[in-house]
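Results of the structural survey
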Amino acid sequence: MTELPRITHHSSVCPHDCPSACSLEVEVIDGRSIGRVRGNKRQSYTDGVICAKVARYSERIHHPDRLLHPLRRTGPKGSGAFERISWDEALDEIARRFLAIEAEHGSEAVWPYYYAGTMGLVMRDGINRLRHAKRYSEQYSTICTTTAWTGFIAGTGKLAGPDPREMAKSDCVVIWGTNAVHTQVNVMHHAIKARKQRGAKIVAIDIYHNATLAQADLALVLRPGTDAALACAVMHVLFRDGHADRDYLAAHTDAPDELEAHLATRTPEWAAAITGLSVAEIEEFATLIGTRKKSFFRLGYGFARQRNGAVAMHAALCVPTVTGAWQYEGGGAFHSNSGIYKWRKSLIEGLDVADPKVRRLDQSQIGRVLTGDAQALRQGGAVRALFIQNTNPVSVAPEQELVKQGFAREDLFTVVHEQFMTETAAMADIVLPATQFMEHDDLYQGGGHQHIMWGGKLVEAPGECRSNHEVICALAQRLGVDHRGFTMTPRELADWTLRESGRGTLDELVANDFLDIQPDFRTAHYLDGFGYRDRKFRFKPDWPKVPNANAGPTGPYEQMPALPDQWDVIEAADDSHPFRLATSPARNFLNSTFTETPSSLKKEGGPTLMLHPDDAAKLDIVAGQEIIVGNRRGSVHLAAALFEGVVRGVVIAESIWPNAAHRHGRGINTITGADSPAPFGGAAFHDNKVWIRKA
Ligand SMILES: Nc1nc2c(c(=O)[nH]1)N[C@H]1C(S)=C(S)[C@@H](COP(=O)(O)OP(=O)(O)OC[C@H]3O[C@@H](n4cnc5c(=O)[nH]c(N)nc54)[C@H](O)[C@@H]3O)O[C@H]1N2
Ligand SMILES: Nc1nc2c(c(=O)[nH]1)N[C@H]1C(S)=C(S)[C@@H](COP(=O)(O)OP(=O)(O)OC[C@H]3O[C@@H](n4cnc5c(=O)[nH]c(N)nc54)[C@H](O)[C@@H]3O)O[C@H]1N2
Ligand code: SF4
Ligand SMILES: [Mo]
């Protein structure tokens, strides 16, 4: 007689790099394996809803290709030839090499490199404790949030906003520059609630007719990099038609009269010529938000991945400020709540031993750094060792030709701690197998909401996988560094961090699974003032001084417009590059994660380039045909996908496929750039001028 499997239910947190940071309910079968994963109904932002790719997580955690043992390279770099070694051999070799490189070239020759493969605070950020304790080169993390956060903070002085659950209480939800259906499904869930329960309108603004626009009442498709023009024209109409809240503006903003005067020439006709929208569309949008005071602007990352992205984000943020929407429940603007947590991270990150004199290398410029670009190296010596956790730069970083050349250097010692043999791990000298989130303990926070959450270990890891924390501590010991954080368990670190940050204890958090830290209404809506000392919203930010953590101003920051305006620093199309390319997110991948799971691969099919049928006809290209898209950085082969939903002159490659999924092993980041957008850097992944031809 066969026994029925014993299924138990446990709570957890999705660790992936996603603003939703969903609270999960996980089935554990016989204490060993993962069954279904569902959204937690008790947590009111997740509200029982998660994306399909994480609902099928058993595919990823029990994947036959997981790394199970430490490996040492035996063939040439990138050949794929590795031998199995023990953990002791691996750790001893890493420590020996790091110490030798440090002795010969100084500690800054070692560069710990990481990102947000897991968003758990202990497992993600612990690498910085080792960095600081050893005075290894710092990382300036620019690949994702820099332009967007800077643009938002430029206006508010703070990275926070109204309770995102208020979307459900709004009369008009504006989803701007985020493909929420793909990237953060909960936004749609709350917006659709507002439509069902109170007849709210949903406006979505993007550069192609994506899955989110398909669900909108008003879908605005504009030319890439022209959002500030739209915002200016909308504000022009709001002032013109008496929808500006002048009392609010006088009390809460810095320069409303200057703004109004400046906008006099920013008419809908002016913006129509820039954005490609019709005057009627711009007027309709402006009237909608002018007459619905409870308008909730959900501002995404995507439209800030342009070289004028910080200016565009700030301009969009100014719109609900002109109507005074911040004053109402269901009104205002939200981008991220990362500013509300105020963690004390000195034990996790070793901030007490950080030396501000150590050089900071730009994460997005890893290709330039590894190929010896003097400016990228901050005029210092070469990077001779990399220690990588939680990221896959040999797929996701811009200027891939340089990235690949750098990783191929025989004099570079590369260690990659990973769950799978990613394209980055394949270039390593030593590969270490990593746990997945249900195999270790960690503390999480929501970016798109306001919960602190606990995700405890639910099952044993396969093979010899070790967590990031275990690996960092084991290395610290061999490298002879001393810091209290290396002697603590993840639970102890979480407990200390919670207590010191005034968020109770770990036991309390574990008992409740999550803690809702939503600030009170007046604070969240900035009714007692914005984050600047004079409490005023900035229509005229002092860009180089915007209070976002930064490495000093960069890019053409002196030329930034003083007031919201269209700023022409994007890679505009020209005669030899007639198209503008954006690398928008694929629904079934998360950056390069899930490019290993069978169901995601099946649903995505293969790398394609969406282009308008008329553009295709002009180039004599038919659907499915292999085409080449390129610019001065290189070229990429993809299959043509004809789609009426892109405007002429714009092409979209939903990403990020591995380089190896493309002919010649050159993926989409071959043609994206790593130059620094103003004012504090970033990565303009959706801002590329390209040519297209038949293969
Ligand atoms: N399925 C899936 N989910 C993800 C990810 C993924 O890759 N796939 N990535 C995760 C990560 S790391 C992040 S940071 C978030 C990001 O999530 P989002 O905030 O959604 O940002 P992006 O994914 O960069 O792009 C969103 C949209 O911006 C559009 N866009 C590009 N340029 C412009 C422009 O000039 N103007 C306007 N209005 N729109 C523009 C793109 O076409 C795209 O539809 O999503 C996370 N979630
Ligand atoms: N063309 C183009 N490129 C882009 C973007 C784009 O829109 N277009 N988006 C950019 C953005 S917004 C971002 S954030 C970056 C993200 O790029 P990455 O940070 O590289 O994100 P992922 O591709 O998801 O890779 C994360 C890796 O971490 C590993 N990992 C997960 N958990 C753990 C763990 O606990 N321990 C260890 N050791 N490893 C773990 C996963 O297996 C995975 O390989 O990509 C950027 N690149
Ligand atoms: S929506 Fe984002 S946070 Fe939620 S389960 Fe999917 S990837 Fe994870
Ligand atoms: Mo990101």
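Refer to the structure above for everything that follows.
Below or above, wherever it landed, is the structure these notes cover. (Residues numbered from 1 in each chain as written. Chains lettered and ligands numbered in written order. Predicted model: local features only at pLDDT ≥ 70, side-chain atom pairs only at ≥ 80, totals over all residues. Heavy atoms only, no water.)

What follows covers the sheet that holds strand β14 (residues 385–389). Pairing is mixed in the open sheet, where six strands are placed in the order β5-β4-β16-β15-β14-β6. Among the strands making up the open sheet, the edge pair consists of β5 (82–84) and β6 (110–114). Direction aside, neighbouring strands of the sheet carry axes that sit 20 degrees apart on average. Helix-sheet contacts for helix α19 (residues 468–479) involve β14, β15 (413–418) and β16 (430–433), and the interaxial angle to β14 is about 150 degrees. (Pairing = 2+ DSSP bridges. Helix = DSSP H or I, 4+ residues; strand = E, 2+ residues; numbered from the N terminus. Axes fitted to C-alpha atoms, helices over the stretch in contact; angles between N-to-C directions. Contact = heavy atoms within 4.5 Å.)

On to the pairing of strand β17 (residues 442–445). Burial along β17 is two-sided: D442 and Y444 and L443 and Q445, pointing in opposite directions, are all buried. Hairpin connection, β17 to strand β18 (residues 451–455): the antiparallel pair is bridged by five residues. (Buried < 20%, exposed > 50% of the residue type's maximum accessible area, 1.4 Å probe, protein only.)

With that out of the way, let us pick up the packing of helix α9 (residues 227–240) against helix α12 (residues 268–275). Direction vectors running N to C along α9 and α12 enclose 165 degrees, while the axes themselves pass 9 Å from each other. Taken as axis vectors, α9 and α12 run roughly antiparallel relative to one another. Relative to α12, α9 is oriented so that their crossing is left-handed. Residue-level contacts link A229, L230, C232, A233, H236, V237 and R240 of α9 to P268, W270, A271, I274 and T275 of α12. (Parallel < 35°, antiparallel > 145°, perpendicular 65-115°, else oblique. Left-handed = near helix turned anticlockwise from the far one by under 90°.)

Next up on the list: the site of ligand 1. In the vicinity of ligand 1 lie 31 residues, with D206, D227, R305, S584 and F589 positioned nearest. For ligand 1, an oxygen atom lies 2.8 Å from a polar atom in the backbone of G225. In isolation ligand 1 offers 910 Å² of accessible surface; the protein chains occlude 97% of this area. Mapped onto the shell around ligand 1, the elements with two or more residues apiece are α7 (180–183) and β9 (201–206). The class makeup of the residues in the shell around ligand 1 is 12 nonpolar, 13 polar and six charged. (Near = heavy atom within 4 Å. Polar contact = N/O pair within 3.5 Å; in protein donor to acceptor, adjacent residues only side chain to side chain. Areas by Shrake-Rupley, 256 points an atom, 1.4 Å probe, with all protein chains shown as cover. Nonpolar A, V, L, I, M, F, W, Y, C, P; charged D, E, K, R; others polar.)

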